[in-house]
Amino acid sequence: MRQDFKLNTQKLNEQLLEMLFPTHCVGCREYGMLLCRNCWDSIDFLEEKYEEVISVCSTKQPLIRKILNALNCDLIKGLNTTAAELVFKFLLERQALPQEDFVITFVPIHQRQQTIQGFNPSEAISQEFGRLLGMPALTLLRKTKEKPSEYIACDCKGLKVVLIDTCLGKDMEIKECARILKQAGAEEVSCLTFTRDF
């Protein structure tokens, strides 16, 4: 009974939010979905890796910049699913989806930042990407220091890992995280970012 009440309340809240703040496209504001078909089709994917890091699209595209900003601020609920779907489409078109023996993980943010922000966008994308693939998204890294960034990893012996971050910046934090995972015993680490910022 209590469970049914909780589900009904949650559904009512979602319907009320949709009435007050209807879902619209991040790009063109068309009503009904977070990314309409025209905006989805307008996204240009990157073809070149940068230092062995695969990035899906560039922030030089205004639409991608909008998506990234909204994602980082958690302004639009469900945008992590849209980002994960774009990553999935990009890899599917290149026949580069990870094999079943891989696990998904993400570049962590410091606990202080997570407390202030309330979430980690890289973790949100990795969870949705893992769900699309039917693969686990695990927490394998922890950020112990903000500046300069320092990380520790749990035992990763023999694991094949897809490491996800929202954006590849000049600081190349994802490369440092990949190095730490390999030190912790990971057999293989594939670096994947939703966007590249240069």
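All values derive from a computational prediction rather than experimental measurement.

Visitor: Please give an account of the nonpolar core that cites residues and values.
Guide: In this structure, Leu35, Ile43, Ile67, Phe129, Leu192 and Phe194 are the most contacted members of the largest nonpolar core, which totals 32 residues. Looking at this core, the elements with two or more residues in it are helix 2 (37–42), strand 1 (53–58), helix 3 (62–73), helix 4 (79–93), strand 2 (102–106), helix 6 (121–133), strand 5 (160–168) and strand 6 (188–196). For this core, the element with the most residues is helix 4, which contributes seven residues. Sequence-distant contacts of Leu35, defined by excluding residues within four places in its chain, comprise Cys25, Trp40, Ile43, Leu63, Ile67, Thr82 and Leu86. Counting 20 residues, the second largest nonpolar core, distinct from the first, contains Val53, Tyr151, Leu163 and Ala178.

Visitor: Explain the sheet that holds strand 1 residue by residue, including any values.
Guide: In space, the four strands of this open sheet follow the order 1-6-5-2, with parallel pairing throughout. With partners counted over all chains shown, the strands left at the sheet margins are strand 1 and strand 2, one partner each. With direction set aside, neighbouring strand axes in the sheet form an average angle of 20°. Pairing geometry for strand 2 and strand 5, over five bridges, is parallel. The partner of Phe102 across the bridge, within strand 5, is Lys160.

Visitor: So what's going on with helix 3? Residues and values would help.
Guide: Along its twelve residues, helix 3 runs 17 Å from first to last C-alpha, staying within 8% of the 16 Å computed at 1.5 Å per residue. Taken as a whole, helix 3 has its buried residues at Leu63, Ile64, Ile67, Leu68, Ala70 and Leu71. Axial view of helix 3: buried residues confined to an arc of 170°, hence all on one face. Close packing links the buried residues of helix 3 with helix 2, strand 1, helix 4, helix 6, strand 5 and strand 6.

Visitor: Please give an account of the pattern of salt bridges that cites residues and values.
Guide: Throughout the structure, instances matching the rule amount to twelve salt bridges. In this structure, Arg37 and Asp41 form a salt bridge, with 3.6 Å as the shortest nitrogen-oxygen distance. Taken as a pair, Arg37 and Asp41 lie in helix 2 at a separation of four residues, close to a single helical turn. A salt bridge links Arg131 to Glu128, with the shortest nitrogen-to-oxygen separation between them at 2.8 Å. Separated by three residues within a single helix, Arg131 and Glu128 lie in helix 6, roughly one turn from each other. Among the charged side chains, a salt-bridge network with shared partners connects Glu47, Lys89, Glu93 and Arg94.

What counts and how
Residues numbered from 1 in each chain as written. Predicted model: local features only at pLDDT ≥ 70, side-chain atom pairs only at ≥ 80, totals over all residues. Heavy atoms only, no water. Core = buried A, V, L, I, M, F, W, Y, C linked by side-chain atoms within 4.5 Å. Buried < 20%, exposed > 50% of the residue type's maximum accessible area, 1.4 Å probe, protein only. Helix = DSSP H or I, 4+ residues; strand = E, 2+ residues; numbered from the N terminus. Contact = heavy atoms within 4.5 Å. Pairing = 2+ DSSP bridges. Axes fitted to C-alpha atoms, helices over the stretch in contact; angles between N-to-C directions. Expected span 1.5 Å × (residues − 1). Arc of directions from axis to C-beta. Salt bridge = Lys/Arg side-chain N within 4 Å of Asp/Glu carboxyl O.

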